[in-house]
Amino acid sequence: PGFWAGALAPVNELTAYNVRASMRRVEGDTSDIGLVFDWKDWDNFYYLVADPGDRWFGVAKVVAGNTSIVVPRTDATEIQPGKFTNRLRIDRNGSELGVSINGSRLVTVQEDAVEGVVRAGVYMEADALAPAVIRYDDFEIWRLEPGQPQNSARGVTGAPAAHGSGKSFDATLNWEKD
């Protein structure tokens, strides 16, 4: 088992939005990257996880503290290996949930939308014995037009709900044993 961390920004009460960020490993060959979305609290949220080392992704949800799989671990050659930059994107449009990586739509599933004020952000996971540094760039949250199909990972519909204006930041997980 490892450790994970997330940094969040408000999405407000949007049910049609996308969240995206570019990210890459700086240190740590076993760390995972991803996005957190539809976050209400640390017992109720969704997350996309991608492993640049083994080139796979998956989506899970946590409800009342219990984790279940939405999209099982799926191999994806679209994921750039190792320490190359990957652009991850989640499209949430009502009950439609789409995952895109590096401009390619990899999967679309139907999953009930979370009502009320939610947050979205970035995600990282690392092995307990291996410190990790992940570089996040161009974190953005965009409002989408409700009911519009999001068949393409290219182009932006709507106006920004919140975004990082091209800002960059590093996140570090570094654990020491007692």
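This one's a predicted model, so the numbers in the text were calculated from it and none came from an experiment.

Trainee: What's the story with the pattern of salt bridges in this structure? I'm lost.
Mentor: Think of it this way: side chains of opposite charge can pair up when their charged atoms draw near. Under the counting rule described, the total for this entry stands at 8 salt bridges. The closest approach of N and O atoms between Asp51 and Arg25, which form a salt bridge, is 3.3 Å. With Asp51 in strand β4 (residues 44–51) and Arg25 in strand β2 (residues 16–27), this pair connects stretches of sequence that are 26 residues apart. We classify Asp51 as buried; its relative accessible area is 9%. Since its relative accessible area comes to 2%, Arg25 is described here as buried. One salt bridge in this structure joins Arg89 and Asp91, with 3.0 Å as the shortest N-O distance. Taking relative accessible area as the criterion, Asp91 reaches 3% and is therefore assigned buried.

Trainee: Please clarify how the pairing of strand β6 (residues 66–75) should be interpreted in this entry.
Mentor: Two faces, one strand: in a regular strand the side chains alternate between the faces of the sheet. The pairing of strand β5 (residues 56–63) with β6 spans 7 bridges and is classified as antiparallel. Counterpart to Val59 in the pairing with β6 is Val71. Counting the residues in the hairpin turn of β5 and β6 gives 2 residues, including Ala64, whose phi is positive at 55 degrees.

Trainee: What exactly am I supposed to notice about the confidence of the model for the chain here?
Mentor: Atom-level detail of predicted coordinates should not be read off regions where pLDDT is low. Averaged over the chain, the pLDDT score is 78; the fraction of residues at 70 or greater is 76%. Residue range residues 149–178 is modelled with pLDDT below 50. Its contacts to residues more than four positions away, or to other chains, number 79 contacts.

Trainee: So what exactly am I meant to see when it comes to the side chain of Arg25 here?
Mentor: Engagement of the side chain of Arg25 in a polar contact is seen with the backbone oxygen of Ser31, the distance being 2.5 Å. There is a polar contact of 3.3 Å between the side chain of Arg25 and the side chain of Asp51. Dropping the residues within four chain positions of it, Arg25 is found in contact with Thr30, Ser31, Asp32, Asp51, Pro52, Gly53, Gly82, Lys83, Val133 and Ile134.

Trainee: Explain the packing of aromatic side chains to me, please; I cannot follow it from the model alone.
Mentor: To describe a pair of aromatic rings, you give the distance between the ring centres and the angle between the ring planes. With the rule as written, the count across this model stands at 5 aromatic pairs. Measuring from centroid to centroid gives 5.4 Å for Phe37 and Tyr46, while their planes differ by 25 degrees, and the two rings are stacked. Summarising the burial analysis for this pair, Phe37 and Tyr46 share the class buried. Relative to Tyr47, the ring of Phe45 has its centre 5.9 Å away and its plane inclined at 40 degrees; by these criteria the two rings are tilted. Judged by relative accessible area, Phe45 falls into the buried class, the value being 3%. Look at Tyr47 and you get buried, because its relative accessible area is 16%. Ring pairing ties together the aromatic residues Trp39, Trp42, Phe45, Tyr47 and Tyr123, which thus form one cluster.

Thresholds applied
- Residues numbered from 1 in each chain as written.
- Predicted model: local features only at pLDDT ≥ 70, side-chain atom pairs only at ≥ 80, totals over all residues.
- Heavy atoms only, no water.
- Salt bridge = Lys/Arg side-chain N within 4 Å of Asp/Glu carboxyl O.
- Helix = DSSP H or I, 4+ residues; strand = E, 2+ residues; numbered from the N terminus.
- Buried < 20%, exposed > 50% of the residue type's maximum accessible area, 1.4 Å probe, protein only.
- Pairing = 2+ DSSP bridges.
- pLDDT = per-residue confidence, 0-100.
- Contact = heavy atoms within 4.5 Å.
- Polar contact = N/O pair within 3.5 Å; in protein donor to acceptor, adjacent residues only side chain to side chain.
- Phe/Tyr/Trp six-rings, centres within 6.5 Å; stacked < 30°, edge-to-face > 60°.

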